[in-house]
Amino acid sequence: MSSLRARYLSPQEIDKIVTPLLSDDFKTFGYKDKSIKEDETYDGEPIIRVRADVEQPVPAKELVKTLSRIHDALRKLDDERFVFLSAPGPKISQSEGEDDEDLD
């Protein structure tokens, strides 16, 4: 249940919170940039999607630690939206000679 004092931070306010945390926590994984998107779940609940652009995939343990720090920072400012955080690393290109019929 949402708190009566809950509010939604602006994308700029979220960026000010998220960017320092990602750049610090993910520097060993080649952190480059991030994208932040306000969205909603299938049942209409507001959420925040954060995708970190990194050179190497970030291990789950590190993702959870950073996600917890983001949630804590948002809660201090009364934004209780759930955050989805991903940092998958670069896309792996398909090697030559593999079937590409499913790519259409």
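It is worth spelling out the overall build of the protein at this point. Summing up its helical and strand segments, the protein has two helices and three strands in all. Moving toward the C terminus, one meets the helices and strands of the protein in the order α-β-β-α-β. Residues counted as buried form 30% of the 104 residues belonging to the protein. Just so you have it, the protein exposes about 7,500 Å², and 50% of that area is on carbon and sulfur atoms.

Position of Asp79 among the secondary structure elements: in the loop between α2 (60-76) and β3 (82-86). Exposure remark for Asp79: the relative accessible area of 0% places this residue in the buried category. Within the structure, the side chain of Asp79 is placed 2.8 Å from the backbone nitrogen of Leu9, a separation counted as a polar contact. Those residues in contact with Asp79 that sit more than four places away from it in its chain are Arg7, Tyr8, Leu9, Ile48 and Leu74.

The rules we used
Residues numbered from 1 in each chain as written. Predicted model: local features only at pLDDT ≥ 70, side-chain atom pairs only at ≥ 80, totals over all residues. Heavy atoms only, no water. Helix = DSSP H or I, 4+ residues; strand = E, 2+ residues; numbered from the N terminus. Buried < 20%, exposed > 50% of the residue type's maximum accessible area, 1.4 Å probe, protein only. Areas by Shrake-Rupley, 256 points an atom, 1.4 Å probe, with all protein chains shown as cover. Polar contact = N/O pair within 3.5 Å; in protein donor to acceptor, adjacent residues only side chain to side chain. Contact = heavy atoms within 4.5 Å.

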